[in-house]
Every structure is written in C-alpha cells, then in structure tokens.
Number of protein chains: 2
Amino acid sequence: MQALSLPFDPAGLVLDRRRGLSRQLYQALRQRVLEGQLGGGTRMPASRDLAAALGISRNTVMRAYDQLYAEGFIEGRVGDGTYVAQLAHIGGPAKKLSTKLSTGLSLGLSTGLSTISSEITGVTSSKKAETRALENLETHHLPPFRQGAPRAFRVGLPAMDLFPFEVWAKLYGAFWRNPDLARLGYGDPAGEPKLRQLIAAYLRSSRGMNCTAEQIVITSGAQEAIGLCAQLLLDAGDRVAIENPGYRAAAHAFTNAGATLCGVPVDNDGLDCAALAQMAPCRMVYTTPAHQYPTGVTLSLARRLALLAWAEQHQSWIIEDDYDSEYRYSGAPLAPLAALDRQGRVLYVGTFGKVAFPALRLGYLVLPAALVEPFARRRSVSVRHSEIGTQAVMAEFIAKGHFQRHIRRMRRAALSRRDTLLKHWPVGIAGIGPMPEVAAGLHLSVPVESLAREQQLIRLAEQVDVEINGLSSYWLPASPEPHAGLVLGFAAVDSSAIVAALARLREVWRS
Amino acid sequence: MQALSLPFDPAGLVLDRRRGLSRQLYQALRQRVLEGQLGGGTRMPASRDLAAALGISRNTVMRAYDQLYAEGFIEGRVGDGTYVAQLAHIGGPAKKLSTKLSTGLSLGLSTGLSTISSEITGVTSSKKAETRALENLETHHLPPFRQGAPRAFRVGLPAMDLFPFEVWAKLYGAFWRNPDLARLGYGDPAGEPKLRQLIAAYLRSSRGMNCTAEQIVITSGAQEAIGLCAQLLLDAGDRVAIENPGYRAAAHAFTNAGATLCGVPVDNDGLDCAALAQMAPCRMVYTTPAHQYPTGVTLSLARRLALLAWAEQHQSWIIEDDYDSEYRYSGAPLAPLAALDRQGRVLYVGTFGKVAFPALRLGYLVLPAALVEPFARRRSVSVRHSEIGTQAVMAEFIAKGHFQRHIRRMRRAALSRRDTLLKHWPVGIAGIGPMPEVAAGLHLSVPVESLAREQQLIRLAEQVDVEINGLSSYWLPASPEPHAGLVLGFAAVDSSAIVAALARLREVWRS
C-alpha cells in the first residue's frame, strides 16, 4: 500500500476481493461515519487517491462514494471536494443536512417551503406534536385499495400486464406435476427454507441488509406482516406512532390490537422525528421511509438516524414498510432502517405484491433474531403457514433469474408510464398545484387548494372512468386539517391508456 | 294422492320432482320433528305406504328414513315399526336416545361403560363441570402436527399420494397462462365468488346445509377460520368451552384472543352437554361433532340439540369444526350443527386440507348472515384476502367434477388403510386396550393403561421410525388426570407401509 497523504488512515479497510468491492468499501466507510471515527466535516480523499491506496479501481471508489452521497453520509461542496456530513445524533453541532434527495412531493402551491412544512403537519400548533387518541377510529372504513380491472390511475398496482405469465404457468406446472409429498403436509410456519434463503440473499445484495434466512418470516403480503407485529408486540392501550397522512390499513391493524394511534406529521424529509420526540413515548412507530405512503417523500438519513436513536432510547419498535423500494428512478436508494439498525429495534416489511401483483399475497418480515421464534409460533396458530405452491414457485422464479429480470422490466415500465403521466398531465386546471418530482414508487401526490375542490375533481374524474384517490382520505379521522390533493398510481395501465385517460380528464376538468 | 291411513298428514309434503326426492323428503320430515309437528313416539308410516301416498318409489322413502335413522330422529323397535325419537329439547319427557351410531372410540379396558364415562371426564368430582382457568397455558407448546415426509402413523394427513397432481398441474397452467388482470389486483376479502358458490353448493348437497355463497368466507385452512372467530367474537377474559381432550391448536387461538379456557369432558356421545350446562356460562364453545378430535367419537343427535338449546339460552357461539367429515365409513353422517341451527349461533369451519393436502392452506367458514361483513372486514385488515391462483384452481377442480371423484377415491383409500391397520395391529401387547370401532375420520385412538406406558410405547415406536401421538398430549395442561392412549393416523401412507410399520412395532413392543 502506498504512503499517500490521506485525511484518514485506510489501514483498517480490508476488502475481500472475492466479493463486490464497492459495496464493501461503502459499508466500511458508512460504519466509520456512524461510529464517529470519521467525524462530520472530515474531508474525504479524492477517489483517485483512495483507489491507489487500496489498490482498487477508481470506479469502485466512485460507486461507493455515490451511494454514501445518495444516502447523505457525505456531501460535496462546489469546487471544494467531498466531506463527511454533520449528523446530529452522533455528536457535533446539529447542522441541518442538505438533502440531496429528490423528494417525490412538492406539497405547496406557491407559498414557499416554510409555509408548506408547517401546513403539512395537518395539526394545529397546540396539537402539533401529537394528534389526540383515536378511540373512535371508524372501523367501517375499508382501506382504499379497489377491486376490479386495472384502470388509470389506480393506486397500489404495478404494471401487471408485463408479468411473464407463461414462465409462471410453466413453473407451477413443473412444481405440481411431481411434488415431494414431504412438502404437502404441515410446513414451517416461518416459510419455505429455500424462499427464505433467496429473499435474504436478495435483500443483502439489493438493499444492503445484513440478514440471514433465519430472520425471514414469510407472510400473506405486507398486511399480515404488519398485523403480526401488532399482535405480538402491542398490548391493549399501547401507543403507536404512525405517519399522518399514512397507510390507513396499517393503522387498522394497530387499532385491532387495542393500540392508541398517535399521528406524526410528515414533511419533505419524511416523518417528523422532532415531533415524535416531543410526544409521550410510543411503544412502536410505523413508517414508510423509502417512499412515504401516500406523499411519496423519502425519509432523510438524518431522520433515519434520529429515529433509530429514538427507538433505542425508548426501547420502542420500528416497523419499516419498504413496500415499493424496487422502484427508484433517480439517485440510489437510501439504506433501509433495518440496514442501519444496531440494536434490533427494526422489523422490516417487504412484499412481492408491487413487483409481481397484489393477488399473489406474498410478503415477508425481516426480524431481529430474538423475535423469529415468537413470530413463527404465533403464525403457526393464526394460519399455520403459507400455501406451498406459491412459495415454491416464487423461489424458482428468483433462483432462475426471472425475478431480477422482471424487476428491471417493471422499473423501466413504471418510469415510462410516470413520464407519460407527467408529459400529458393537464396544466392550468384551477385549484391543482404543480406536479411533484417523482424519484421513486408507483404513485404520486399532487396538491389541491381545498377539500371541496379535491372531491369535485375526483367526482368529475369518476364520470369519465378515471380513478383517483383523495389525499385527504389518508389522514387519520381526527386530524383537524387534512391536506387536499390527488393521489395517482401511474403504473397500473399502459401509456396509451394513460394518454387517453388524461385527455378525458382535461376535458371534464376544464368544463 | 290416495287416502291411506297414515299416522300423520302428508298433505304439506310437496316435493319438487326436478330435484333429489329422498333428500327433500328427509328434510321435510326432519323439519317436522324439529318443530314438534311430529312428536316423540309418533309411529312413522311404513315406507311402502308413504311411497304410495306421495307417488314416489319406496326406495326413495327408505333412503330418507335411513338418513333420519342414522341421525337419531327416528328409531326402530324390533318387530314394531319405526317411531319418532324422543328429543328432550323439543318438549316431551327427556328420554335417553338409543344411540345407533358407531362411535370411533371405546375408551375403557374391561371396566364397563359407566366407569369409563366418569373416568373420561378427566377431572376430579369437585372440578367436574369445569376445569380451572388456564391463565398460564404454556405458550411454548406448538400444536402436534409434524413436518417432513409422511410416515406411519402421522395424524392429520390424508392419502396425499393419491391426489391427481397431473390434473392439478394442468389447471394451474391453464389459469396462469392467460389470467384476467382484473383478478390479480386486490380481491374480495371473503374469497373468490365462484369458489364460494361451489362450496355452498357442495355443503347443501353433501352436508344438508341450507347455506348460500354469501355466507362463505374463504380462509387459510381451518386454523385461520378458528382464529377469526376468536378475534371477532371474544373479548379478553371471555370464557370459552372446549372439548377436553381436544384440538389444542384451537385452544391456542382462543388464549391468543385473551380468552379463559374451560375444558368440557368428552364421553362416548361426544362433548358432555350436561357438564357444560353446569358450568358458568361461556361466550363460545368449540366442538368437533362429526369425529371428535382426537377421540373419534360422534356427537349424538340429542347432544347436538341440547348444545344448540344451550347456545340459544346463553346467546353463546358454537364453533363447529367439521375437519374430516368427508370420511364416513358406516352409517350416514349426522346433520352438522349448522344445518340444525335456527338462531344463527353456529359458525361452521370446513377445510380442503383433509381431502387434498394440508399445505394447500384452504379452508372456509359458513357464517350466520349478520357476521359475514365484520368477518370479511377483519380479514381485509389481517391478510387482505387469499392468494388468487389456489382459489381459482380449486374452483375449477370442483366445477369439473374432480373434487367429488377425489373425495370418493380418498374415502375408499382411507377405508382400505384403516382395514389394514385393524387387521395387522399387534394384539396382546401389555397395557394396550382393544382397538375401537372406527366409523369415521382419518385417525383412531386406542387406550393405554398408564401415562408411563403410553410414553414408553411412543418412544419404542420412534426407535423403529413409527410416529404415534400420545392421547395425553391432547388434554389441557391443567387437567388433573389425562387419559393415556395412542392416537394413530391411518391414511398417511399406503397399506404396504402400514403392514411394514406394524411388523416393526410388533417386534419392538414385544421385546
């Protein structure tokens, strides 16, 4: 190793050449930042110098830097190199991170960001930190997923029309023609071992998670995963913090377990951790960091670290719902909370429903090791285990490379459909704010000036067979001032159907 | 219609000649008995006379009589014709029904029935009516279903080796090759409409139930069905009566909902309704009337009616788990409680796991109409709905006639395997009582003289790769004196494997 003048000693950076080098470098540097060895403001070596010091290619270093940059661990100063970011929770002055993330949402009209940030909390100042207990959450309200043939702009559906059904049918045929009888009796409540292994490998390589097959529990979609967390970790009366606006079906799972819901505001950096910290302690927080549901913002790295510190301080649980993280269009995805978690406080929820199709009902939990046995035991009593064929066929689908190919195909399709929506979106409609940047996910949220106008636009859309959800419907019922907006899924139908739907919308909305 | 001297007026018996006549006649007569129009002790017309009066064949009348006889609604006196039975709950003296049912169990050794009946209660006299609250039910105990390749004498497995996998594979291939995208998004939480229709039709024709598709809710096997009942109908602290010995996995579902378990003794007529009536009222009773799990006895008609009356009186719920009712080898099956229920107190649980295979995880509830909406709503939050492919393929399997053919094939196979077990069972082994008659189901229970001997026999069996469950393991933990016995599933492997396993058992048990 050459003796170069580096701002830190790379001697401890031992890389295994048999595995991906840039990921190892990224992980090693990230760890040093998190542990304070690389303090905020430290200047990072030029990529060329570090590459030479480590005897690896410059491209490898740049890929690692790109990921650290995308996640907010390092930042660039124009004309002045690259520095470790100031992260409040690990000491040093609490300097605001410059967020380099494209957020999926710009919620204001023309009022400026500061106004927006306070407005989006959706609670009056006296209630800012906490909405009141929602004892009377209306239980008749079903979550807003709708049934029937896909149409523009249904939320929650990927480009199902592109799924390789012929491959899928063949895998099913092959499995059922000559199954091993040992797999047809009662199975492992945590799921088929082979599928668990493949999911763990997928999460290690695509999401930077350091998990093993033993930590995976297969579920009937994300919903059963969330429900299990509620049943296993909550007692009646426990307080659960949830994003507001947020995923209402999760809220129902918590209230079914007897919990009291505490809405936490969401702004352009995601769940407001300062507001959470001011609230009476909660036993659990439910969050969608990769692509907040429904606003589409991404939880910033500073917030991620603050949230983890909060959970550690209060010995609370974090339910991280990573429902559509496969869809990232610009910038690299941030490391999930589960990848940053050192204390075993994060329960990670994943699903195949947004890559394949929802009716598959196949999802999974990644659990801290100590929780696997109680979760599997509970599952053995609630449903015993998942149907064998679906698990076995998905395992083959992954093992044979179809899954990774399909993810790429789906990402391209969603991006193309997003672009069609943005390009043909009717502009100049009264009361509708500007379209947001959309860096991730399968839906977007666009602001509307009032609840009355939101409802009117939705009604008019329905008249021309266009389906749009009201942003206000994602707020907790007791929220004093839910924001109005339109939530549109852009992946459910192909580009020609999107163009046609937008033409109809333009006409009916202008009249 | 001829004017014959009949003991009752058949004028109201209007039969639709386009549908099965014997079933209509059976239903009409059963209804008259239940409603008291045909009082206990009424002499039934000779089959020839009734046939002539109604203008139908004598065979038709005899089939209807056979069913009424098998269910205990009518009884024969030797040399003296056929009479309506005395059924306590519908008025008239509470005369003991002569049970004409072959029970699956003879629990005594040579002590005589009266001793057995008091012994089998498994509770001391001071605790007879009720075992104490089981607050500390050990939650680490997993239900006794075992995993891995089928072997003799695993409980809970049908003859999976005879399942028509080629047909099943083709149906899967056909479904997935060209699916309707409208079915791949979010579906009906109560289940696929077509499958619900077919199940309702099957239950109407095979189980005499008067149900509609709207009453069916598809579940992940019987276990999810039981769990939903627990979650929806129980509050913490509610008392739930369960058969003791009984199906422990159901007990776990109730304790998970915060319920207090109350064990009810089982004798040769099934759940002891008199003991139940003496207990403090329970919000729910869980029972396996067709083939008590694990003893194999059948709940008598008198008990069925008493149980329904009890539920009506206390406004309690009856969970009727009809898990293996397709397997009846002698005598016609009794009408399920759900078919006798007039007050909407019975929730009927069915499963495809014992006809196809358990890993299918496909079961259903038949609910009183008022409960369908809350159950579907809860299911939409707990798992959303069941995977589409399994539901669609099972619907095709039924619609194309494969299901009914398969039931017949499975019944023949189970009967043949039962006969092999009975024929080759080693006799004269110390401490093992006589084999019972086995009129139904997929397993039997044979008494053993002591718990120590039970455990010894099971250990020895395991040494020669034979799997047997201890009857004592089906008792509630706090039961003072669980009975010892061997519970053997006889359908899991073919006859040659049964013969081989029994030869090994004979050797190891005699040594």
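Residues numbered from 1 in each chain as written. Chains lettered and ligands numbered in written order. Predicted model: local features only at pLDDT ≥ 70, side-chain atom pairs only at ≥ 80, totals over all residues. Heavy atoms only, no water.

Is there a simple way to think about the overall build of chain A in this case?
When helices and strands are tallied, chain A shows 16 helices and 13 strands. Sequence separation of 24 or more characterises 74% of the internal contacts of chain A that already satisfy a separation of 6 or more. (Helix = DSSP H or I, 4+ residues; strand = E, 2+ residues; numbered from the N terminus. Contact = heavy atoms within 4.5 Å.)

I would appreciate a short explanation of empty space enclosed by the protein in the present structure.
Vacant regions in the atomic arrangement are exposed by a probe of water-molecule size rolled over the atoms. Overall, the coordinates contain 12 cavities of 30 Å³ or more when judged by the stated rule. Taken as a whole, the largest cavity spans an internal volume of roughly 250 Å³. In this structure, the largest cavity is lined by 23 residues; those nearest its centre are A:Ser220, A:Glu387, B:Ser220, B:Ser386 and B:Glu387. Tallied by class, residues from the lining of the largest cavity come to 6 nonpolar, 9 polar and 8 charged. (1 Å grid on protein atoms, 1.4 Å probe; cavity = no way out; pocket = protein on both sides within 12 Å on 5 of 7 lines; lining within 4 Å. Points joined across faces, edges and corners; volume = space filled by probe spheres on them. Nonpolar A, V, L, I, M, F, W, Y, C, P; charged D, E, K, R; others polar.)

For this particular structure, what's the right way to read the relation of the copies chain A and chain B?
Copy one and copy two of the chain differ by a rotation about a common axis and a shift along it. Note on the copies: chain A fits chain B at an RMSD of 0.2 Å, the axial shift is 0.0 Å, and the rotation between them is 180°. Overall, the copies show the geometry of a two-fold rotation axis. Relative to the rotation axis, the closest C-alpha in chain A is found at A:Gly173, a distance of 2.8 Å. (Least-squares fit on C-alpha atoms with pLDDT ≥ 70 in both.)

Honestly, helix H13 (residues 388-399) of chain A in this entry has me stumped. Any pointers?
Owing to its 3.6 residues per turn, the α-helix brings residues three or four apart onto one side. Across its 12 residues, H13(A) extends 16 Å between first and last C-alpha, which sits within 8% of the 16 Å expected from 1.5 Å per residue. The element H13(A) is extensively covered by neighbouring structure, given that 10 of its 12 residues are classed as buried. Within the span of H13(A), buried status applies to A:Ile388, A:Gly389, A:Thr390, A:Gln391, A:Ala392, A:Val393, A:Met394, A:Ala395, A:Phe397 and A:Ile398. Buried positions along H13(A) lie against helix H5 (165-177), helix H6 (193-207), strand S3 (216-219) and helix H14 (402-424) of chain A together with helix H13 (388-399) of chain B. The distance from a side-chain oxygen at the start of H13(A) to the backbone nitrogen of A:Gly389 is 2.9 Å, and the residue carrying that oxygen is A:Glu387. A:Gly401 lies just past H13(A) and shows a positive phi near 90°. (Expected span 1.5 Å × (residues − 1). Buried < 20%, exposed > 50% of the residue type's maximum accessible area, 1.4 Å probe, protein only. Polar contact = N/O pair within 3.5 Å; in protein donor to acceptor, adjacent residues only side chain to side chain.)

Please explain the interface of chain A and chain B as it appears in this structure.
Interface size is commonly expressed as the accessible area that is lost once the parts come together. Listed by partner, the interface residues are 59 residues for chain A and 59 residues for chain B. Both faces considered, chain A and chain B share a buried interface measuring about 5,100 Å² in area, 61% of it formed by carbon and sulfur atoms. The largest per-residue losses of area from chain A upon contact with chain B belong to A:Tyr186, A:Val381 and A:Arg384, which jointly make up 15% of the total buried on that side. On inspection of chain A and its partner chain B, the count reaches 2 salt bridges. Taking the shortest distance from any N to any O, the salt bridge between A:Glu166 and B:Arg177 comes out at 3.0 Å. Between the two partners, chain A and chain B, sit 21 residue pairs in polar contact (both at pLDDT 80 or more). Broken down by secondary-structure element, the contributors of at least two residues to the side of chain A that touches chain B are H5, helix H7 (221-233), helix H8 (248-256), helix H12 (369-382) and H13 of chain A. Top contributing element to the side of chain A that touches chain B by residue count: H5(A), with 9 residues. (Buried area = accessible area lost by both parts, 1.4 Å probe. Salt bridge = Lys/Arg side-chain N within 4 Å of Asp/Glu carboxyl O.)

Mind showing me how you'd approach the sheet that holds strand S13 (residues 485-489) of chain A here?
The strands that make up a sheet are held in pairs by hydrogen bonds between backbone atoms, and each pair lies either parallel or antiparallel. Residue and element names in this part refer to chain A. Strand order in this open sheet of 3 strands is S11-S13-S12, and the pairing throughout is antiparallel. The two strands at the open ends of the sheet, each matched to only one other strand, are strand S11 (443-447) and strand S12 (469-470). Bridge analysis of S11 against S13 gives 5 bridges, and the strand direction is antiparallel. Paired with histidine 443 across the strands is glycine 489, a residue of S13. (Pairing = 2+ DSSP bridges.)

I would appreciate a short explanation of the packing of aromatic side chains in the present structure.
Residue and element names in this part refer to chain B. Following the criterion strictly, the structure yields 45 aromatic pairs over all chains and no others. Centroid distance phenylalanine 352 to phenylalanine 403: 5.4 Å. Interplanar angle 70°. Geometry classified as edge-to-face. With phenylalanine 352 in the loop between strand S9 (346-351) and strand S10 (363-366) and phenylalanine 403 in helix H14 (residues 402-424), this pair connects stretches of sequence that are 51 residues apart. Accessibility classification places phenylalanine 352 together with phenylalanine 403 in one group, the buried group. (Phe/Tyr/Trp six-rings, centres within 6.5 Å; stacked < 30°, edge-to-face > 60°.)

Help me out: how do you make sense of the layout of surface pockets in this one?
The space that makes up the largest pocket amounts to roughly 880 Å³. What lines the largest pocket is a set of 33 residues, among which A:Asn256, A:Ala257, A:Gly258, B:Gln231 and B:Arg378 lie closest to the centre. Looking at the lining of the largest pocket, the elements that each hand over two or more residues are H7, H8 and H12 of chain A together with helix H7 (221-233), helix H8 (248-256) and helix H12 (369-382) of chain B. Across the lining of the largest pocket, the residue classes break down as 16 nonpolar, 12 polar and 5 charged.

I would appreciate a short explanation of the domain arrangement of chain A in the present structure.
Residue and element names in this part refer to chain A. Annotation of chain A at the domain level lists domain 1 (10-84), domain 2 (189-402) and domain 3 (404-510). Its C-alpha centre places domain 2 at a distance of 26 Å from the equivalent point of domain 3. The interface is formed by 28 residues belonging to domain 2 together with 25 residues belonging to domain 3. Between domain 2 and domain 3 lies a buried interface of about 2,400 Å² when both sides are counted; carbon and sulfur atoms form 60% of it. Together, Arg248, Tyr327 and Tyr329 form the three largest contributors to the area buried by domain 2 at its contact with domain 3, with a combined 29%. (Domains from an automatic or database assignment.)

Please explain the sheet that holds strand S13 (residues 485-489) of chain B as it appears in this structure.
Taken together, 3 strands build an open sheet; the order of strands is S11-S13-S12 (chain B) and the sheet is antiparallel. Unpaired on one side and paired on the other, strand S11 (443-447) and strand S12 (469-470) of chain B mark the two borders of the sheet.

Would you mind going over the environment of A:Leu415 with me for this structure?
All names here are of chain A. Tracing the backbone through its elements, the reader meets leucine 415 in helix H14. On the accessibility criterion, leucine 415 (27% relative accessible area) is partly exposed. Along the backbone, leucine 415 and arginine 328 are 87 residues apart, and their C-alpha atoms lie at a distance of 8.9 Å.

Mind showing me how you'd approach the pattern of salt bridges here?
Working definition: two side chains of opposite charge can pair if their charged atoms are close together. All names here are of chain A. Applying the stated criterion across every chain yields a total of 32 salt bridges over all chains. A salt bridge links aspartate 465 to arginine 151; its shortest N-O distance comes to 2.6 Å. Of this pair, aspartate 465 sits in the loop between helix H15 (451-463) and S12 while arginine 151 sits in the loop between helix H4 (113-120) and H5, placing them 314 residues apart in sequence. Look at arginine 151 and you get buried, because its relative accessible area is 17%.

When you look at unusual backbone geometry in this model, what are you seeing that I'm missing?
The phi angle of most residues is negative, glycine excepted, and most peptide bonds adopt the trans form. Residues A:Ala152 and A:Phe153 are joined by a peptide bond in cis, for which omega reads 0°. If you trace the backbone, A:Phe153 turns up in the loop between H4 and H5. Positioned with a positive phi, A:Asp465 is a non-glycine residue whose angle comes to about 60°. Here B:Arg361, not a glycine, exhibits a phi torsion of approximately 50°, which is positive. Tracing the backbone shows B:Arg361 in the loop between S9 and S10. By relative accessible area, which is 9% here, B:Arg361 ends up buried.

Looking at this structure, how should I read the environment of A:Ile199?
All names here are of chain A. On the secondary structure map, isoleucine 199 appears in helix H6. The class for isoleucine 199 is buried, based on a relative accessible area of 1%. The residues touching isoleucine 199, leaving out its near neighbours within four places in the chain, are Ile216, Ile218, Phe352 and Tyr364.

Would you explain the pairing of strand S10 (residues 363-366) of chain A in this entry?
Sheet faces and side chains relate simply in a regular strand, where the side chains alternate between the two faces. Residue and element names in this part refer to chain A. Here S10 shows two buried faces, one formed by Gly363 and Leu365 and the other by Tyr364 and Val366. Bridge count for S3 against S10 is 4 bridges, and the pairing is antiparallel. Among the inter-strand pairings, isoleucine 218 is bridged to a residue of S10, identified as tyrosine 364. As judged from the 4 bridges shared by strand S9 (residues 346-351) and S10, these two strands associate in the antiparallel manner. Considered in S10, the bridge of valine 349 is made with leucine 365.

What should I look at first to understand the confidence of the model for chain A in this one?
As a general rule, the predicted coordinates of low-pLDDT regions are not to be interpreted in detail. Residue and element names in this part refer to chain A. Counting all residues, the mean pLDDT for chain A is 85, and 85% of those residues have values of 70 or more. In this model, residues 89-143 is a region of pLDDT below 50 whose contacts with residues beyond four sequence positions or in other chains number 126 contacts. Predicted complex metrics record ipTM = 0.79 and pTM = 0.79. (pLDDT = per-residue confidence, 0-100.)

What am I meant to see in the pairing of strand S8 (residues 317-321) of chain A here?
Residues and elements named next belong to chain A. A large share of S8 lies buried, amounting to 5 of its 5 residues. Of the two faces of S8, the one holding Trp317, Ile319 and Asp321 and the one holding Ile318 and Glu320 are both buried throughout. Pairing geometry for strand S7 (residues 284-287) and S8, over 4 bridges, is parallel. Each bridged residue has a counterpart across the sheet, and for methionine 284 the counterpart in S8 is tryptophan 317.

Just to check I follow, could you spell out the nonpolar core for this structure?
Nonpolar side chains in soluble globular proteins tend to end up buried together. Core analysis: the largest hydrophobic core is formed by 241 residues, its most contacted members being A:Trp509 and B:Trp509. Apart from the residues within four sequence positions on either side, B:Trp509 is in contact with B:Trp425, B:Pro426, B:Ile429, B:Ile432, B:Arg453, B:Leu457, B:Leu460, B:Ala461, B:Ile468 and B:Leu486. (Core = buried A, V, L, I, M, F, W, Y, C linked by side-chain atoms within 4.5 Å.)

Could you clarify how one ought to interpret the packing of H14(B) against helix H16 (residues 495-510) of chain B in this entry?
Packed helices, taken two at a time, are described by the angle their axes make and the gap between the axes. Residues and elements named next belong to chain B. With their axes 9 Å apart at the nearest point, H14 and H16 run at an angle of 25° to one another. On the basis of their axis angle, the class for H14 and H16 is roughly parallel. Judged by the sense of rotation from one axis to the other, the crossing of H14 with H16 is right-handed. Every residue of H16 that contacts H14 at Ser416, Arg417, Thr420, Leu421 and His424 is listed here: Ser495, Ile498, Val499, Leu502 and Arg506. Split by residue class, the contact of H14 with H16 holds 4 nonpolar, 4 polar and 2 charged. (Axes fitted to C-alpha atoms, helices over the stretch in contact; angles between N-to-C directions. Parallel < 35°, antiparallel > 145°, perpendicular 65-115°, else oblique. Left-handed = near helix turned anticlockwise from the far one by under 90°.)

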